[in-house]
Amino acid sequence: MLENSDLKGVVGAAITPFTEDYEIDIEQLKRHCDALLEAGCAYTSVFGTTGEGPSLSARQKLEALRKLADMGADMSRQIPGVMTSSLDDAVSMYVEAHKLGCRAALIIPPFYYRSAGVEGVADYYEALVKKAGNPGLDIVLYNFPHFSGIPFSVEQVKAVQKRIGSLVVGIKDSTGNLPGGLELIKAFPELSIFTGSDAILRDMVEAGGAGMIGGMTNPFAKDCVQLYLGGVSEGFVKRATMRIETVDGNGGLNVLKALMAKVYGNPAFARTMPPMEPLSSDKLAAIEAALAEAEKAL
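Right, let's walk through the structure included here. (Residues numbered from 1 in each chain as written. Predicted model: local features only at pLDDT ≥ 70, side-chain atom pairs only at ≥ 80, totals over all residues. Heavy atoms only, no water.)

The omega angle of the peptide bond from Pro 274 to Pro 275 is 15°, so this bond is cis rather than trans. Relative to the elements of secondary structure, Pro 275 occurs in the loop between α11 (253–264) and α12 (281–294). Even without being glycine, Tyr 22 reaches a positive phi, approximately 65°. The topology assignment puts Tyr 22 in the loop between β1 (9–13) and α1 (26–38). (Helix = DSSP H or I, 4+ residues; strand = E, 2+ residues; numbered from the N terminus.)

Now the structure itself:
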């Protein structure tokens with residue numbers, strides 16, 4: 001990571017609250033993003049994996065971004081996810097993020113035709129920027145092959161850089177694989193390399209990583225920020241690991257949503273976009289007990 005880069009810290013990957021008819025509850029989304037920033041997050045990122053971005057239409061996401069701006073959200077502290085296999089939809093999101101003054105766009109590779117190969121994926125990013133009119137908005141590449149099926153290897157990142165150059169300013173590595181994350185940090189010292197896992201956040205930052213873009217910020221933003229800043233005990237790190245294992249081991253996203261619905265006292269945060277199912281109350285109680293047990297690590 002470049003020493004003078006502002007693209008660092010903890011980025012809150014916000015969950016998306018929904019109305020009963022499966023539209024984005026934009027007022028509550030702004031409330032949540034504001035809370036993440038107030039808790040110490042450097043930026044927020046809506047409509048990524050944690051924000052159920054692939055389940056939302058371009059219309060829904062574009063409308064929400066515009067309304068967030070109209071409601072006074074600081075869009076310079078927003079890094080929206082672009083999660084689609086449609087080039088045209090990706091262009092619309094990228095252009096709008098630029099118009100609204102977002103810090104960058106977090107763009108996952110097209111995830112349906114997975115046999116496209118290294119050059120095919122590079123073609124996609126080049127075409128996206130060209131079709132958008134090359135607005136100059138920074139791009140963070142999204143490495144999450146569990147969902148996209150396309151890994152951002154060193155070779156793949158270099159291929160995209162060759163096409164769109166310095167527009168690539170960072171990578172979000174959501175693999176949770178520390179050796180792979182360290183390889184990216186070593187290969188691309190000019191880029192901000194973020195992990196998606198607070199379990200390896202300290203190791204990544206100490207090796208030159210930029211920080212974290214992750215879902216665990218939703219219920220535990222202040223702790224994630226403290227973990228990024230350092231000076232924490234082994235027990236603090238162990239608790240973070242136990243928390244993410246508990247959340248991911250019980251469904252991940254729907255767990256985060258259930259926890260935040262309880263925090264805010266608002267069912268909009270627990271609602272999920274089909275086919276994802278909301279968490280049952282019995283399961284939530286068991287998860288809360290496991291999280292309470294994790295506190296003993298301190």
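Core analysis: the biggest nonpolar cluster contains 85 residues, and Tyr 94, Tyr 125 and Leu 141 have the highest contact counts within it. The element contributing the most residues to this core is α11, with 8 residues. Ile 79, Leu 106, Val 169 and Ala 210 belong to the second-largest nonpolar core, a separate cluster that totals 16 residues. (Core = buried A, V, L, I, M, F, W, Y, C linked by side-chain atoms within 4.5 Å. Buried < 20%, exposed > 50% of the residue type's maximum accessible area, 1.4 Å probe, protein only.)

This part takes up the pairing of β1. Regular strands place side chains that alternate from one sheet face to the opposite one. Burial of β1 is extensive: 5 of the 5 residues sit out of reach of the surface. Relative to strand β2 (residues 43–45), β1 runs parallel, the two sharing 3 bridges. By the bridge assignment, Ala 13 is partnered in β2 with Ser 45. As a crossover connection, the stretch from β1 through α1 into β2 is right-handed. (Pairing = 2+ DSSP bridges. Right-handed = clockwise from strand over helix to strand, strands pointing away.)

Our focus in this paragraph is the pattern of salt bridges. Counting across every chain of the model gives 18 salt bridges. A salt bridge links Arg 59 to Glu 23; the shortest N-O distance between them is 3.2 Å. Within this pair, whereas Arg 59 is found in helix α2 (residues 58–70), its partner Glu 23 is found in the loop between β1 and α1, the two being separated by 36 residues in sequence. On the basis of relative accessibility, which here comes to 27%, the residue Glu 23 falls in the partly exposed class. Across the pair Glu 96 and Arg 66 runs a salt bridge, and its minimum N-O distance is 3.1 Å. Residue Glu 96 is located in helix α3 (residues 87–99), and its partner Arg 66 is located in helix α2; the two are separated by 30 residues in the primary sequence. (Salt bridge = Lys/Arg side-chain N within 4 Å of Asp/Glu carboxyl O.)

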